[in-house]
Amino acid sequence: MIRRGLTAMVLLATALLAACSGGPVRRVSEPAASIQQLTVHANGSWSVDLRLQNYSSIPMRFDRVSLSLEVNGHDAGKLDATPAVSVGPESADVVTLPFTPSAEAKMVLADTLAGRRPLPYSLKGTANATPEDAKPRDFQITGHSTLNPVPGLDGVLR
């Protein structure tokens, strides 16, 4: 009998704490962007699969990205896009963007692919995103990583 009373009190206390907690914490964190895949087309243009990472605890809608791209320390140009994609909490999504690189970047990439070497790159700029039930904000994006040629897929780096 005492055991049932104690169990009932513990359950009641747990229910009261849950009711008073006010729900999950709504945290907005800086998003990130990286290149998931870069594809070189026969006409010299590129397709950039841009990965948009939402580290927030709430969904975020990415309305515009404006990122300067450097490959192996050389200016490749600017990725300007309006992806209009919603990314769930602590998730990522990929958008494919057409890209016309600078002549210098084309040469750097051609040399990288011919030598089957890794390609260091960096992204710097802003992403305009709207956290759920909030106002749009410009987030600063800075990132760098390396892409590697994909075996068996000419002109593709991941």
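Each remark here, short or long, concerns the structure printed above.
Computed from a predicted structure; not experimentally measured.

A. Molecular detail of the overall build of the chain. When helices and strands are tallied, the chain shows 2 helices and 9 strands. Listing every helix and strand of the chain by position from the N terminus yields α-β-β-β-β-β-β-α-β-β-β. Out of the 158 residues belonging to the chain, those deemed buried represent 37%. Put simply, of all contacts in the chain between residues at least 6 apart along the chain, 63% involve residues at least 24 apart. Split by element, the accessible area of the chain, about 9,400 Å² in all, is 56% carbon and sulfur.

B. Molecular detail of the packing of aromatic side chains. Summed over all chains, the structure comprises 1 aromatic pair. Arranged with centres 5.6 Å apart and planes meeting at 40 degrees, the rings of W46 and F99 form a pair that is tilted. Here W46, found in strand 2 (residues 46-54), pairs with F99, found in strand 6 (residues 91-99); they are 53 residues apart in sequence, far enough to count as distant. In this structure, W46 and F99 share a single accessibility class: buried.

C. Representation of the side chain of S45 within the structure. Summarising the element assignment, S45 is placed in the loop between strand 1 (32-40) and strand 2. Engagement of the side chain of S45 in a polar contact is seen with the side chain of N43, the distance being 2.7 Å. Not counting the four nearest positions on each side in its chain, S45 is found in contact with T39, V40, F99 and P101.

Definitions and limits used
- Residues numbered from 1 in each chain as written.
- Predicted model: local features only at pLDDT ≥ 70, side-chain atom pairs only at ≥ 80, totals over all residues.
- Heavy atoms only, no water.
- Helix = DSSP H or I, 4+ residues; strand = E, 2+ residues; numbered from the N terminus.
- Buried < 20%, exposed > 50% of the residue type's maximum accessible area, 1.4 Å probe, protein only.
- Contact = heavy atoms within 4.5 Å.
- Areas by Shrake-Rupley, 256 points an atom, 1.4 Å probe, with all protein chains shown as cover.
- Phe/Tyr/Trp six-rings, centres within 6.5 Å; stacked < 30°, edge-to-face > 60°.
- Polar contact = N/O pair within 3.5 Å; in protein donor to acceptor, adjacent residues only side chain to side chain.

Just geometry here; none of it tells us what the structure is for.
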